[in-house]
Every structure is written in structure tokens, then in C-alpha cells.
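Examination of the molecular architecture
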Amino acid sequence: MFQGAPITHPMSILGIRGILFDFIDDPWKHPGNEQAAVRFLADGLLVVEDGRIKDHGEFEEISQRYPGLEVTHFRNRLILPGFIDGHIHFPQTRILGSYGEELLPWLEKWVFPEEIKYKDRGYAREGARHFFDGLLSSGTTTCQAFTTSSPVSTEVFFEEASARNMRVIAGLTGIDRMAPADYLDTADHFYQDSKELIARYHGQGRNHYAITPRFAFGASDELLDACARLKQEHPDCWVNTHISENPTECREVLRQRPDCEDYLSIYEKHGLVGPKFTGGHGVHLTDDEFRRLSRSGASVCFCPCSNLFLGSGFFRIGKATDPEQRVKTAFGSDIGGGNRFCLLHTLDEAYKVGMHHFTTLQGPAPSDQAEAARSKISPYRGFWSITLGGAEALHLDRWIGNFEPGKEADFVVIDWNAGPSAQAWHQSLHLGEHTGPQTVEAAAELLFGIMMTGDDRNIAETWIMGSRAHPKQA
């Protein structure tokens, strides 16, 4: 059985040649000049040694430094850093597209019955194979995931991630009320099981552990105290939870806790909010909660597919990106509330949510106009959010997120012609007489077309630590 030992891989050096597109800054910081945040090479070369990026630049220049280098050349493909999913539920893969409920009845009808099955190791292993296949076929190389209240599901998650050498964040899900009896845990059991799992998996290979109260609605003060104790004892662990997702949930959680003024204050009361804290959704956060999140260095995760599917509401991306009180923001698929693994679909829905805010926030107040402008999801803002922006929000940017030398070589190879039947024809609009984009602006136009009309068919290959993890099926 896997005991948390890092996976070893053969030492090697290789070159990856193609159209390279990555980020060196946050495009929201450059209104009117977002391309300044991008590093674009029409004919670039990544030199990868032992799974890490050793060198990066123009092919003509860099190739001369490495005579005899074995080079894989991706012609007419865009190469981007691997996608980062900031909020996803590992055991909900099989209930994708389950019909007809908002959040709380949906959990009762579909989620808890499925997640209970993950107590069985064989079922959990089968689910893990489908889950990670779904990630890699969609270009996702890193995720922050929820497991279940059973330690078995967390063990299987880390085992499968380690076998595939993927950088992941996850942890045992804490819940001791508002769920079926055979799903509930106790605060003491959650604490003891979490301690054992942290010792086995945290920092082993590419695994990171998140202390994971499912949501305050399903957590007693005793369970949140256990989370606080774990965080005090393991300050380098992450904290991952849900916050302010659904109107009914928000009302009920404050009815449970009349001493708390808002949802965020529940987590603050227990000392959980700060760097490495992620609150999923945040649809109904108040302006003051945004300010406090910003001051604390905590993050939120925008999950538009799920928010629309479950009717939860519209996250205020323009508020989260206010430069005066910026909140670190990842994007997430939220499988299975979200109905696609592929983060291209997440960007498609994020754009539509942003356009809703862009049109409804227009008004005489300058602050509203500024928030409206920040709500539009350009290709620069979108792809930054699922690469370097996601890495920064999850405190993983020392390892992944762009093509800086020293970082791990997780990347995705995108075919801009491989999606729906008409995609090749309308994408040709942005290429003129060329077979590939010659400017960053042309590349961004292709990427916008992919994020609005594309899907996992556009993912030609996915690479993990310099090794091909997902070849396109014939």
C-alpha cells in the first residue's frame, strides 16, 4: 500500500518547441494594455530537465545552447502552463448532470448518497481513475479537491495523484451535522484521522494537505475548533471550505449562529481565515467580507458553472479584483455541481457572468462603472486565472503557473481547430495568411475563440513534470 513516499522518475533532458504563451503578471493590473502581462513566443523552446524547466526563450537562441537536444516540435499548437482547478469534488464524478435541485436538496438527493459509496476502497479507486482521467483529458494538471468524510477516499485520492505525479491539494472532509447519519463524522474522529493523514501525505511528493471543513452549515463549533487546532499544529497546511454559496444556506447558517454577523465571521471566529485559506463560491459575500478577505490574504474560488447550474447566483468578479482591496481568486469547475471537467467551459461561463455584471452595474457611480469594467473576462484575464493566477491564489506559484526556469514542467498543448465542427473556419479569421499566430494579440483572439466555443477536444496533449500524461486518443 502507498505510504506517502514520493514517486521517482528517470532523469532526462528534452526540448519542447512551439508557440509558447504564459503570464508574468496579472492582466487586471494593466487595464487597456493586458498583453503586457503575457510572454508570447511564436517559435519558442522550453528546455526541461528532470521534470523542471531549465531554460525558456526563442528557439533560434535557446537551441544553440543545447546542441544535440532531443526536441518535440508541436506545429500549429499553442502551449500553455497546465490548468489549475481551485475547487472540485473528487467523489462527485459520477453524478455530473444530475437534474433539478438547488444546493441543499441537491446535496441530499444526489451528493451524499454517492459520496457514502467512497467508504469502499474498490469503488473509490474506480472513481479516482475516472476523476484523474477527466482532469488530464481536459488539460488540468493541478487541483484543490474535496474528498469525503471517510479517510479511505482521501487515501485513494493521494495514491492516484501520486501515481500520476500530479501536484494536488486535498484533505478529509469534515462534517458533523446536516447530512445523513452514515455520512457524519465527529469532531474527535475528524481531528485524529486528519492528524494521521497529514503525517502520511502532506509534503510527500507533490501532495499538499488541506484542513477541510465542508462548510460552516454542516460544521459544529466543536468541529471548527478541531480544524483550528489542526491549523495551529500544522501551520503550513491549507484550509479549504465553502462560503456564501446559496441564499438559503446563508440564511440558515446565520440562524444557527446568531452571534456571527456574516458567513466569513464564522471562520474568523475559529482562526481559520488567512493565507492558504480558500472559500469556494463566495457568491453572496458582502462588501465588508471582501475587504476582510483582502486584508487577511485569503482566497476565494469562482465556480460559475456550478453557480449557474444550481441557481446559486452571480459571483462579483469585478469586486474581487478591486485593486484597492484585491482578493486572490482561483477559478474552479466544482464538479459535480459544475457540469464539465474542462476549465475552458468554466471560462465560457465566467465570461457570461462577467457580462451580466458589466451590463447591470453600468450607472452614474464611478465605483460601479469601475467594477463593471473589471467584470469582463478577456482571454488574458481568463487564462491567467487558470494558470499563474490560480497558482498564486492557491500559494503554489513557487512550483507551477508559468514557464519560469526552475518551475515544474506541467503544460497543455492546445489545438485551436479541434473543437466543434465550424471552429477551424472561424478561428482562421485570426490567422490571416499564417498557419499560426504571429503576435500576442492574434494568439489571444484564438484563445478567446477556444474559451467560448471549445471543449476538451481542443486539448491535444497534457504533460506532467516533462512527461506526456494524456495523448490525444486516435
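A quick note: this is a predicted structure, and the numbers were derived from the prediction, not measured.

1. With respect to the confidence of the model for the chain
- Considering every residue of the chain, the mean pLDDT works out to 94; 96% of them sit at 70 or more.
- Taken as a whole, residues 1-10 scores under 50 in pLDDT and shows 18 contacts with residues more than four places along the chain or in a different chain.

2. Some details on unusual backbone geometry
- Cis geometry is found at the peptide bond from Ile335 to Gly336, where omega equals 0°.
- Of note, Gly336 is situated in the loop between strand 13 (328-331) and helix 12 (343-360).
- Despite not being glycine, Lys276 shows a phi value in the positive range, around 75°.
- Relative to the helices and strands, Lys276 resides in the loop between helix 8 (263-269) and strand 11 (277-281).
- Residue class for Lys276 comes out buried when judged on its relative accessible area of 19%.

3. As for helix 4 (residues 151-163)
- Taking 1.5 Å as the rise per residue, helix 4 with 13 residues should run 18 Å; its terminal C-alpha atoms sit 18 Å apart, in good agreement.
- In terms of residue burial, helix 4 counts as a mostly covered element, since 11 of its 13 residues are buried.
- Buried residues of helix 4: Val152, Ser153, Thr154, Glu155, Val156, Phe157, Phe158, Glu159, Glu160, Ala161 and Ser162, and no others.
- Against the buried residues of helix 4 lie helix 3 (121-137), strand 6 (140-146), strand 7 (167-171), helix 5 (187-201) and strand 9 (207-213).
- Trailing helix 4 by a residue or two, Asn165 shows a phi angle of about 60°, which is positive.

4. Remarks on the pattern of salt bridges
- Using the criterion set out here, one finds 40 salt bridges in the structure.
- Across the pair Glu49 and Lys54 runs a salt bridge whose closest N-O atoms are separated by 3.4 Å.
- Overall, the relative accessible area of 38% leaves Lys54 in the partly exposed class.
- Note that Arg121 is salt-bridged to Glu155, the shortest N-O span being 2.7 Å. Here the residue Arg121 occupies a position in helix 3, and Glu155 occupies one in helix 4, the gap between them amounting to 34 residues.
- The class for Arg121 is partly exposed, based on a relative accessible area of 23%.
- One salt-bridge network, held together by shared partners, links Glu261, Asp262, Glu268, Asp288, Arg291 and Arg292.

5. A closer look at the packing of aromatic side chains
- Applying the stated criterion across every chain yields a total of 24 aromatic pairs.
- Ring centres of Phe131 and Phe132 lie 5.1 Å apart, and the angle between their planes is 90°; this geometry places the pair in the edge-to-face category.
- For Phe132, a relative accessible area of 0% gives the class buried.
- Centroid distance Phe302 to Phe315: 5.0 Å. Interplanar angle 35°. Geometry classified as tilted. Residue Phe302 is located in strand 12 (residues 299-302), and its partner Phe315 is located in the loop between helix 10 (304-309) and helix 11 (317-320); the two are separated by 13 residues in the primary sequence. By the burial criterion, Phe302 is buried, and Phe315 matches it.
- Across the ring face of Trp399, the terminal group of Arg167 is positioned such that the distance to the ring centre comes to 4.4 Å.

Scoring rules and cut-offs
- Residues numbered from 1 in each chain as written.
- Predicted model: local features only at pLDDT ≥ 70, side-chain atom pairs only at ≥ 80, totals over all residues.
- Heavy atoms only, no water.
- pLDDT = per-residue confidence, 0-100.
- Contact = heavy atoms within 4.5 Å.
- Helix = DSSP H or I, 4+ residues; strand = E, 2+ residues; numbered from the N terminus.
- Buried < 20%, exposed > 50% of the residue type's maximum accessible area, 1.4 Å probe, protein only.
- Expected span 1.5 Å × (residues − 1).
- Salt bridge = Lys/Arg side-chain N within 4 Å of Asp/Glu carboxyl O.
- Phe/Tyr/Trp six-rings, centres within 6.5 Å; stacked < 30°, edge-to-face > 60°.
- Lys NZ or Arg CZ within 6 Å of the ring centre and 35° of its normal.

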